[in-house]
Amino acid sequence: MNNISKIALHRPVAVLMCVACLIVFGISSVMSMDIESTPEMNMPVFMVMTRYSDVGPEEIDSLVTDVVEAALSGVSDYTSMTSRSSEGSSMTVLEFDYDIDMDEKRTEIEDALNNLRLPDDCDDPTIMEMGMDSDSVMSLSVLASGNDNLLTYIEDEVVPEFERISGVSDVEVMGGKREYVRIQVKEEEMTQYGLSLSSIASAISAADFTTTAGTINRGEVEMSLLGSADYDTMESLYTIPISLSTGDIIYLTDVADVELAEEKNSSISRQNGQENIRISISKNQSANTISICDQIAAVVDDLNAQNLGLTIEITDNSGETIMDNIESVISSLIQGMVISMVVLVLFLGEPKSSMIIALAMPLSVFAALVMMSIYGMTINMMSLGGLVVGIGMMVDNSIVVMESCFKVRGTGRSFMESAEEAARIVASSIIASTITTIVVFLPIALMEGMSGQLFKDVGFTIVFSMSASLISALTVVPLLFVKLRPVEKEQGLVARAVHAVENAYVKGLDGALRHKALIVLMAVLMLGGTAFMFSKIDMQLMPNMDRGNINLSVTTKTGLNLEATDAIMTEIESIVSGYDDIDQYSLRSRGGSATLSITLKEDRSVDTDTMVEQIRQDTAHIDNCSIEVSQQSGMSFGGSSGVSFSIRGSSLSLVEEVSEEIKEHMRGYDGIISVSTSLSDGDPRAEIVVDPVQAAGYGTTPSAVVSQVKNMISGIEATTLQEGDTEYSVEVQYPEDRFHDVSDLSGMMISIGGAQVPLTDMAQVVYGNAPSTINRTDGKYSVTVTGEVGTGVSATQLTNTIRSGINSSVTFPEGVTLAEGDTMRMMQDEFSSIGFALLTAIWLVFVVMAVQFESMKFSIVVMASVPFALTGAFAALLITGQSISMTSLIGLVMLVGIVVNNAIVLIDYTNLLRSEQGLEINAALKAAGRSRLRPILMSTLTTILSLVPMALGIGGKVEMMQGMAAVVIGGLSVSTLLTLFLVPILYRSSERLSERIAERTKKRRIQKGDYSG
């Protein structure tokens, strides 16, 4: 590496061209790279969806889910299989290890499903892959001045415009009503003419037709012979003839009213309390979010400009959110650069040297950007976050080289000689310190699981930038030192202050060397405090990202219809609309559940957590539903954010019984606001039980009877009608209120061979409950009990407390087990992976130092600074209120490579003074401490202060990286303090120990007579 410094000093033009290329290619790399919120993350999860319309959960479980699970059980290497059976659908989920070949597994799953034997009316299974960005990237609200068949128009005209965008995977529409042609029968007239609902539907279906009768000749020309009858308008339906058994002919209007009607709502969508149609757009895994959102926004602008009578408003834009996140991180990066520059100027007191050192920052950033582009990385919060964390460290090597240049120059040598000699003296130490910083990211890059995919970009960007900073320190810094000829400022105010600090440090070090037992005792006490602080810090998978979004989820009382749900949501909307800090809110409701998404104003007077508590209090009185209010984080990894347990067993009734007991147990804990289970009390249902003997007596079958009941309640689609570009369904129905209540079934007449037979003569109605969903995990029934926790309550600590209480007070029947919730299980897996990476990083750093010093003894001395990094890191997390999360743990891994750098510089220079100048241990330690104090303080302060904006969240929304920044600041601060005093003590003690061992060995050899001098 010394040669590279000599080459740079003698080839200045070549160095200049390299710098110019770096800037040009760096800028072009920025322009060409995609921008995303996080790195692309592939989840090793397959979902198999099977639809079986109008079938209950229990039947779905036995007829569909059992069959699908049996087929998928032959798929190799899956880690878990979970299933969910609900009304009309079955969902089976297979999870694999992260190193699995997804294409190979997809083929294996397709092969397993090829020979399924499912019911005839059941759809074929659909295989889907889960992605981290599978949620919608943009949500739209559509309003219209005239609501005539708006839903159909949007589905036929608007949705295709979005589907044509390359990269769009799905466009979902919610809300609105579809128009159809209703043939509402007149029951009295229908009975009078001896007709049934099905006979009227058949007459309508047969009336409109087109068929080929064959071919026929006309002279010498052969032509096709067609037959048809057209009823292509609603008015033409009036005259459809119906043949009676008597031979007479009547028209449709004699037994029915023909009118245009709206279908019943199956879902509700509102924006700020106003009925709307909601469009959610999702993208393919490989598509760029910002590009897709820009194209969607352009289509929206174009549609609004056409004056179609529609107003399309963008209510959620992931592209804008990503840009806000990236701008926040860039802001932290720029602030870090500025702060580092200020520190350099203050310490050096001379603009030329400050500029030379500071130049390492932009050059390293440009180099990192070029390498990111080459490796196909994206500009995201993690890759830029790596640059922010590393911005202060980028000048460390340059500081050491510049200090060395000043020291050598002070001996009277020329600038050229000083630059060459200075680079030679410190080359080995800065190479070693850089390698120790870089090597810790090797285990991060090799980590499996979500954390490996998420933080790999952080590691790569720091490796790229630190490698570039090393090359810059050994080439650009010596060259500019020769060309610009900076002079060390000895008499300035800052210089005098630094000299005073150096003198004070040497005195303090002298005292520490004389009272080493006291210093060691204080260090041990600090380590004892580390364990105490760790027990007081909360844990969570990822930090909450406050985006001012609140999610209000409502689960209504079992069996409550959509109208009742709408009334509940209207009351909640009226409460929410009264808050001054609410910017907008949107409602989505389907079945017995609803979600209200709330967005707060940027200049809100209260924080999001306070607003969450306010909404909880103001909605607590609402009956017939359970309401969960939570802050919607900017990044979600699935699972519950509260306290969650899973109860599993082979008997559904036993699992349900235990889950209810645990549910009641959890309600007794402070901090738990509400408790719910994934198994509801059961949807009420009425079952028509047809007596097969009595049905046979009337000449029919139970299935034919139930089929007629279904047609009479739900109606029959007889045909479709095309008017212009709009297609209408034509449905034959009884009046809406004819069979509205279960008591109306007593008057239902079943048509059998022209006769009318009361339903109650052949069947009875049996009432009961059925679970709304049935969940299974690895073949066993599973019920999840979830407790919503209050604001500021540690979900992790509360989970541990409740688990202990459950184990001591709840008796589990044989075959029933308790398992962690998904979030806790995921957190344990990811923390274990990062913990292994931390241990690997410590070992690799030790290996690098042993090679550098050619001594394991000195490596152990240097590694003494690592445990105290934990002390400072945990203290910083407590002070800033941050939690132990994946990001803060990655910060700990990084610390292992950072905190040893100061000790390496100190010990390396001490060894140099002892070997080249013959100084004894104490004198060498004091001289090295005095000489290296300023570069140590400068490099430490640039790293620490450059991270302060991110740690405090100044300048933007960087919550995801705050924990990492706090860990590095706290750990580096404490370890630096200990390095300056404890490491010299351990160094002297290790040398004295070595001397005593050598002396004893010498005496033993003399006594044995084999000592040769």
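Our subject in this report is the structure included herewith.

Reading guide: rules and limits
- Residues numbered from 1 in each chain as written.
- Predicted model: local features only at pLDDT ≥ 70, side-chain atom pairs only at ≥ 80, totals over all residues.
- Heavy atoms only, no water.
- Pairing = 2+ DSSP bridges.
- Helix = DSSP H or I, 4+ residues; strand = E, 2+ residues; numbered from the N terminus.
- Axes fitted to C-alpha atoms, helices over the stretch in contact; angles between N-to-C directions.
- Buried < 20%, exposed > 50% of the residue type's maximum accessible area, 1.4 Å probe, protein only.
- Polar contact = N/O pair within 3.5 Å; in protein donor to acceptor, adjacent residues only side chain to side chain.
- Contact = heavy atoms within 4.5 Å.
- Bend = angle between axes of the 7 residues up to and from the residue.
- Expected span 1.5 Å × (residues − 1).
- Arc of directions from axis to C-beta.
- 1 Å grid on protein atoms, 1.4 Å probe; cavity = no way out; pocket = protein on both sides within 12 Å on 5 of 7 lines; lining within 4 Å.
- Points joined across faces, edges and corners; volume = space filled by probe spheres on them.
- Nonpolar A, V, L, I, M, F, W, Y, C, P; charged D, E, K, R; others polar.
- Patch = residues over 30% accessible without salt bridge, like charges linked within 9 Å, V, L, I, M, F, W, Y side chains within 5 Å.
- Areas by Shrake-Rupley, 256 points an atom, 1.4 Å probe, with all protein chains shown as cover.
- Salt bridge = Lys/Arg side-chain N within 4 Å of Asp/Glu carboxyl O.
- Lys, Arg positive; Asp, Glu negative; His and termini not counted.
- Charge placed at Lys NZ, Arg CZ, Asp CG, Glu CD.

**Some points on the sheet that holds strand β25 (residues 726-733)**
Part 1 of the argument: The strand order β12-β7-β25-β24 describes an open sheet built from 4 strands, whose pairing is mixed. The open sheet has two edge strands with one neighbour each: β12 (256-262) and β24 (716-723). For this sheet, the mean angle separating the axes of adjacent strands, direction not counted, is 25 degrees.
Part 2 of the argument: Where strand β7 (residues 179-185) and β12 come together, 7 bridges link them in antiparallel fashion. Bridge pairing in β12 links I183 to V258.

**Structural notes on the side chain of T378**
Part 1 of the argument: Here T378 lies in the loop between α12 (360-374) and α13 (381-391).
Part 2 of the argument: According to the relative accessible area criterion, T378 is buried, its value standing at 18%.
Part 3 of the argument: Separated by 2.8 Å, the side chains of T378 and N380 make a polar contact.
Part 4 of the argument: Excluding residues that lie within four positions of it along the chain, T378 makes contacts with D34, E36, M372, S383 and D457.

**Comments concerning the pairing of strand β18 (residues 582-590)**
Consecutive residues of a regular strand have side chains that alternate between opposite faces of the sheet.
Part 1 of the argument: By the bridge criterion, 5 bridges tie strand β13 (residues 267-271) to β18 in an arrangement that is antiparallel. Counterpart to S269 in the pairing with β18 is R588.
Part 2 of the argument: Bridge count between β18 and strand β19 (residues 593-600): 8 bridges; the pairing is antiparallel. In the sheet register, Q584 faces β19, and the bridge partner there is T599.

**Observations concerning helix α30 (residues 921-952)**
What sets the pattern is the α-helix's 3.6 residues per turn: residues three or four places apart point alike.
Part 1 of the argument: The sharpest bend along α30 measures roughly 45 degrees and falls at R932, with the proline P935 sitting one to four residues further on.
Part 2 of the argument: Taken across its 32 residues, α30 has 23 buried, putting it largely inside the fold.
Part 3 of the argument: At the exit of α30 stands G953, carrying a positive phi of roughly 70 degrees.

**Some remarks on unusual backbone geometry**
Part 1 of the argument: If you check the backbone angles, D77 has positive phi at about 70 degrees while not being a glycine.
Part 2 of the argument: In this structure, D77 sits in the loop between α3 (57-72) and β2 (78-86).
Part 3 of the argument: Although it is not a glycine, N624 sits at a positive phi angle of roughly 65 degrees.
Part 4 of the argument: Mapped onto the secondary structure, N624 falls in the loop between α21 (608-619) and β20 (625-633).
Part 5 of the argument: Judged by its relative accessible area of 42%, N624 falls in the partly exposed class.

**Some thoughts on helix α24 (residues 702-714)**
Part 1 of the argument: With 13 residues, α24 extends 18 Å from end C-alpha to end C-alpha; this agrees with the ideal 18 Å at 1.5 Å per step.
Part 2 of the argument: Within the span of α24, buried status applies to V705, V709 and M712. Axial view of α24: buried residues confined to an arc of 65 degrees, hence all on one face.
Part 3 of the argument: Just downstream of α24 lies G715, where phi reads positive at about 90 degrees.

**Some thoughts on the side chain of S465**
Part 1 of the argument: Relative to the elements of secondary structure, S465 occurs in helix α17 (residues 449-484).
Part 2 of the argument: Filtering out sequence-adjacent residues up to four positions away, S465 remains in contact with S364, A368, L387 and M394.

**Let's talk about empty space enclosed by the protein**
Part 1 of the argument: Per the counting criterion, the structure on display carries 3 cavities of 30 Å³ or more.
Part 2 of the argument: The volume enclosed by the largest cavity comes to roughly 130 Å³.
Part 3 of the argument: Every residue lining the largest cavity is counted, 14 residues in all, and those nearest its centre are D396, V400, S433, N901 and V905.
Part 4 of the argument: Considering each element in turn, the lining of the largest cavity owes the most residues, 4 residues, to helix α15 (residues 415-439).
Part 5 of the argument: Of the residues in the lining of the largest cavity, the class split is 6 nonpolar, 7 polar and 1 charged.
Part 6 of the argument: Of the volumes computed, that of the second largest cavity is approximately 50 Å³.
Part 7 of the argument: Around the second largest cavity, the lining residues are D396, I898, N901, N902, S939, T940, T943 and L972.
Part 8 of the argument: Of all the secondary structure elements, the ones that give two or more residues to the lining of the second largest cavity are α29 (886-916) and α30.
Part 9 of the argument: Here the residues of the lining of the second largest cavity are counted per class, giving 2 nonpolar, 5 polar and 1 charged.

**What to know about a positive patch on the surface**
Part 1 of the argument: Taken together, K516, R992, R996, R1000, K1003 and R1004 make up a surface patch of like positive charges.
Part 2 of the argument: Mapped onto the secondary structure, R1004 falls in helix α31 (residues 959-1008).
Part 3 of the argument: On the accessibility criterion, R1004 (48% relative accessible area) is partly exposed.

**Some thoughts on the sheet that holds strand β6 (residues 168-174)**
Part 1 of the argument: In space, the 4 strands of this open sheet follow the order β6-β15-β5-β16, with antiparallel pairing throughout. Edge strands, defined here as strands with exactly one partner in the open sheet, are β6 and β16 (310-317). Strand-to-strand twist of the sheet, defined as the mean angle between neighbouring strand axes without regard to direction, takes the value 20 degrees.
Part 2 of the argument: Both β6 and strand β15 (residues 277-283) contribute to a ladder of 6 bridges, which runs antiparallel. Each residue of the ladder has a partner; that of V168, found in β15, is K283.
Part 3 of the argument: Strands in contact with helix α5 (residues 150-163) are β5 (138-144), β6, β15 and β16; relative to β15, the strand with the most contacts, it is inclined by about 25 degrees.
Part 4 of the argument: The strands that helix α9 (residues 289-305) touches are β5, β6, β15 and β16; relative to β16, the one it contacts most, it runs at about 160 degrees.

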